[in-house]
Amino acid sequence: MIVSLNEVESLSLKAARGAGMSWGLAEEAAHAARWLAVCSWAWDRSLVALLERRDQIAAPMLVGHDISSSRQGLAICPIHAGAAMADLLHLHESVTLYDVLSPIWLVPFAHRRTGEHRSIEVAWAGGACSISAGGAVSAEALGMQNVPLGWIRVELKTDVSSPNVARPLTHAAIPASIQADPAAWAALEQWAARTYVPASLQSRLAGAGAGLSDND
Amino acid sequence: MSGERTQADPLLRSPDTVMRLARMGSAHQTRLSFLRALLRRAIRERWQFSRPRFDIDARGVGTAVYQVVAGDYTYSLVAFGHDLPAEKRTDRVIAEEWDATFALFDGVPTDADIERMRANVPRQEAGRCLASELVLARANRSVRLFDHVVDALASGAQPDMEALEATGYLMRTTAVYGNGKFGIADRDRFKARSEMAGPFRAEMLTVYLIRAFTTDLAEYMARLRAPDRAVVLQPALRRRLGVGNATGLGMAPFLVRHPLLLHRWVIAREAALARVRSIEAVDDAARTRFLTALASGRRLVARWHTDDPVQAPRIPILAVDLERLENFVQGGAVFRETRPWDGIYRWAECELSLEGQEFIVSLLLEPHGALVDELAEEMSADEDTVFDIDGGRTCGELLADIEHSYAWAVGLNFAQPEKTGLFWYVSEEKLEPRLGVRADEPGADLEQPLAVARDVSELRAALRAAPTGERVGMFLMREPQHRHTVRRVQVMARYPYAEIRDNLIDGSMRAVDILRYKLAFFGVTRFDPRSDKWLRITLYQGAPFPSELGTGDWDDWIWPA
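Residues numbered from 1 in each chain as written. Chains lettered and ligands numbered in written order. Predicted model: local features only at pLDDT ≥ 70, side-chain atom pairs only at ≥ 80, totals over all residues. Heavy atoms only, no water.

## Some details on the overall build of chain B
Helix and strand content of chain B: 22 helices and 11 strands. Scaling as 2.2 N^0.38, a compact globule of 561 residues should have a C-alpha radius of gyration of about 24 Å, and chain B matches this with 24 Å. With respect to the principal axes defined by its C-alpha atoms, chain B has extents near 85 × 60 × 50 Å. In chain B, which comprises 561 residues, the share counted as buried stands at 64%. Carbon and sulfur atoms provide 51% of the accessible area of chain B, an area that totals close to 20,100 Å². Each charge class in chain B was averaged separately, 74 positive and 81 negative side chains, and the resulting centres sit 1 Å apart. (Helix = DSSP H or I, 4+ residues; strand = E, 2+ residues; numbered from the N terminus. Rg over C-alpha atoms; globule rule 2.2 N^0.38 Å. Buried < 20%, exposed > 50% of the residue type's maximum accessible area, 1.4 Å probe, protein only. Areas by Shrake-Rupley, 256 points an atom, 1.4 Å probe, with all protein chains shown as cover. Lys, Arg positive; Asp, Glu negative; His and termini not counted. Charge placed at Lys NZ, Arg CZ, Asp CG, Glu CD.)

Printed below as a string of structure tokens:
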């Protein structure tokens, strides 16, 4: 099915919140989902999987400069880890994360730290990818969902000799159409529905606005 | 750049003054309003309007296409007329049928495009659109006026001017959707086009074309009924018809969710006012223009009617304010001083009601298009640029940011029930934003994050308990629930007009104040609150129609003679 980016972001926000994320992290999930949708990557199925597994995913914890799982034996939520990583990259030149589930979600968070002579290099056992100061993402980045649990090192590189390119706010042109998987979309709508308050006659009259009859 | 005005500029009104709901709820349109900026551009760039299709029957059922060539791009309003039984007519978002439904198509639609739209557009939220549609809208007839106008024209007469003015529109839109709703194009897809750069430009263009449809429809139905006798609307009368709108809570969260955009709108307007106030001497032409607008404004206010018990008493006070203003300036003494406009503004600030003061803001900008109109080009924003959180800031610095920007919030005692009397939520039914009374209704556990003052207070308490030197990144790792609030505080630190400086969940909060502020930026001239949660308004009343745009500069169309 074809959807708009606004719908991707709006639904992701509500679904993440409906699954129990705080509003701030739900906003992060929505932003990242939109970013991944522009890449035409299957953000929807991935988000559904993350939300369904939320009891088996841990929040991140800081150990020195490293982001690790706060619960032994459980992998880290990539949204929460991504947000923490983006925050810490204001403080440190590099951050190492351990055992992040579905680490492709880290890419949109890394992306927003690039710009103004800053590029990002990501490395893991057996692979690497990069994001240029201009926001161009190397192809390997979109393969990151296959990175096994383990270490991922994210490093900011500042090169003042490189051109000071304004980072494009959309890292790529928006595809002609944004596709969503209907089953995943429906599952996200179920999560989102948890944020809605069922209507009662009282709320319908009192809470919304226009009365029941508007002939004038 | 409006950035030339810094906080140190004494002529720039402070956020503590302008970002209060009481003043926001007294706002009026100005030259910078979106639909005025749109028409200025349409005239300047000689947009070409046409109506390639008008297949409508005597009941108003059928299809019409209105086209505009605006520079490099063509846009088409595709209008579907329906036969709506009276008992099904409702403005509520929960409606399922309407008198007319619309889509703004990107380009020239083929017959196949129109058939696809015919299968979806009349269903509105229940249908799906594609990125070739930029705006989705629907409208209902004003039962009062529509039939009267058709009857009059069919009998060879013009409709009654008083009846026209009393309502102000033949049809009113009950929703105008943009930016990706229900599958239509995301704004990102077309915002780089120069004619689309202004806020809500596609929506404003859609409503402008809908207006032409509404008058064409009435004239056409009259002609079908009485081909030998029917007349068309006399142009000056026709211009008194705008497009109505029933604006409810759906619009309110927008200002909160777009803090940078709100800041840009406000600072453009305030910078415009500051520029005008700094003018040292006023020439006769500007003075005449001001007085003409004032006279027109007095007539507009004299015709402004609402039954709303809060707004109704404000109108006669505004009328008196404007009379006092006229007396104040009539002698001419103030114009012999330096910075006469500033003198007038300062007098108004002391002497007049908030409605009067804000009306004068509108009047002051009128003569000075050459000085302020360019600010209308700076009212767009990309919230992405303020989304990133600076994790390197310390808790102490963030606390200082709060003390600086949120003093209005931190003094509130949220233990008092009245301070959290309301809660914002989204209803399961048609996914509408609603306001609930916390003590009386269920759903507060599903509260939307619009309780900014309360959330900032909670963040402040948490920051005061944190080590001063702890970095925000670490703090948020420990307390992620404050993330959305931290983001807001960081926006406010750079953009002081980004926040409504009132408690949006206070029991006495009136959502209409938020709605009115946004609508004033749109260019609305008539505000008719029907409760504290929705209002009837009119857009484009007085504006030239597409065929009239080339006949003059129409700069003061919003101030009728």
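## A short note on the nonpolar core
B:Phe213, B:Leu325, B:Trp341, B:Ile344, B:Trp424 and B:Tyr540 are the most contacted members of the largest nonpolar core, which totals 170 residues. Top contributing element to this core by residue count: helix α7 (residues 201–225) of chain B, with 14 residues. If sequence neighbours within four positions are ignored, B:Phe213 has contacts with B:Phe54, B:Ile56, B:Ala64, B:Tyr66, B:Ala79, B:Ala100, B:Phe102 and B:Met171. The next biggest cluster of nonpolar side chains, apart from the first, holds 70 residues, and it includes A:Val3, A:Val107, A:Val154 and A:Ile174. (Core = buried A, V, L, I, M, F, W, Y, C linked by side-chain atoms within 4.5 Å. Contact = heavy atoms within 4.5 Å.)

## As for the interface of chain B and chain A
Counting from both sides, the interface comprises 64 residues of chain B and, opposite them, 56 residues of chain A. The contact between chain B and chain A buries some 5,000 Å² in all, and 53% of this surface belongs to carbon and sulfur atoms. At the surface where chain B touches chain A, the tally comes to 8 salt bridges. Among the ionic pairs, B:Arg487 bridges to A:Glu28, the shortest N-O distance being 2.9 Å. Going through the elements one at a time, α5 (143–154), β6 (169–177), β8 (422–427), β9 (433–437), α20 (472–478) and α21 (483–494) of chain B are the ones with two or more residues in the side of chain B that touches chain A. A total of 4 residues in the side of chain B that touches chain A trace back to one element, the largest contributor, which is α20(B). Split by residue class, the side of chain B that touches chain A holds 22 nonpolar, 15 polar and 27 charged. (Buried area = accessible area lost by both parts, 1.4 Å probe. Salt bridge = Lys/Arg side-chain N within 4 Å of Asp/Glu carboxyl O. Nonpolar A, V, L, I, M, F, W, Y, C, P; charged D, E, K, R; others polar.)

## Digging into empty space enclosed by the protein
Residues and elements named next belong to chain B. Summed over all chains, the structure comprises 7 cavities of 30 Å³ or more. For the largest cavity, the calculated volume is near 60 Å³. Every residue lining the largest cavity is listed: Gly25, Gln311, Arg314, Arg510, Val512, Asp513, Arg516, Phe527, Pro529 and Leu535. Of all the elements in the fold, those that place two or more residues in the lining of the largest cavity are α22 (511–522) and β10 (526–529). Top element by residues in the lining of the largest cavity is α22. It accounts for 3 residues. Tallied by class, the residues present in the lining of the largest cavity amount to 4 nonpolar, 2 polar and 4 charged. (1 Å grid on protein atoms, 1.4 Å probe; cavity = no way out; pocket = protein on both sides within 12 Å on 5 of 7 lines; lining within 4 Å. Points joined across faces, edges and corners; volume = space filled by probe spheres on them.)

## Examining the environment of A:Glu121
Structurally, the position occupied by A:Glu121 is in strand β7 (residues 118–124). The spatial distance from the C-alpha of A:Glu121 to the C-alpha of A:Gln72 is 28 Å, given a sequence separation of 49 residues.

## Considering the packing of aromatic side chains
Residues and elements named next belong to chain B. Applying the stated criterion across every chain yields a total of 24 aromatic pairs over all chains. Ring plane angle 80° and centroid distance 4.9 Å describe the contact between Phe54 and Tyr220, whose orientation is recorded as edge-to-face. With a gap of 166 residues between them, Phe54 in strand β1 (residues 48–56) and Tyr220 in helix α7 connect regions that are remote in the sequence. Here Phe54 and Tyr220 have matching classes, each one buried. Aromatic side chains Tyr66 and Phe213 sit 6.3 Å apart centroid to centroid with 85° between the ring planes, which places their arrangement in the edge-to-face category. Remark: Phe213 occurs in helix α7 and Tyr66 occurs in strand β2 (residues 62–70); sequence separation between them is 147 residues. The residues Tyr66 and Phe213 share a single accessibility class, namely buried. (Phe/Tyr/Trp six-rings, centres within 6.5 Å; stacked < 30°, edge-to-face > 60°.)

## Observations regarding the pattern of salt bridges
If you walk through the whole model with that rule in mind, you get 68 salt bridges over all chains. Here B:Glu479 makes a salt bridge to B:Arg478, at a shortest N to O gap of 3.8 Å. In this structure B:Arg478 comes out as partly exposed when scored by relative accessible area, which is 46%. Overlapping salt bridges, with partners in common, bring together A:Glu27, A:Glu28, A:Asp87, A:Arg112, A:Arg113, B:Asp388, B:Arg483 and B:Arg487 in one network.

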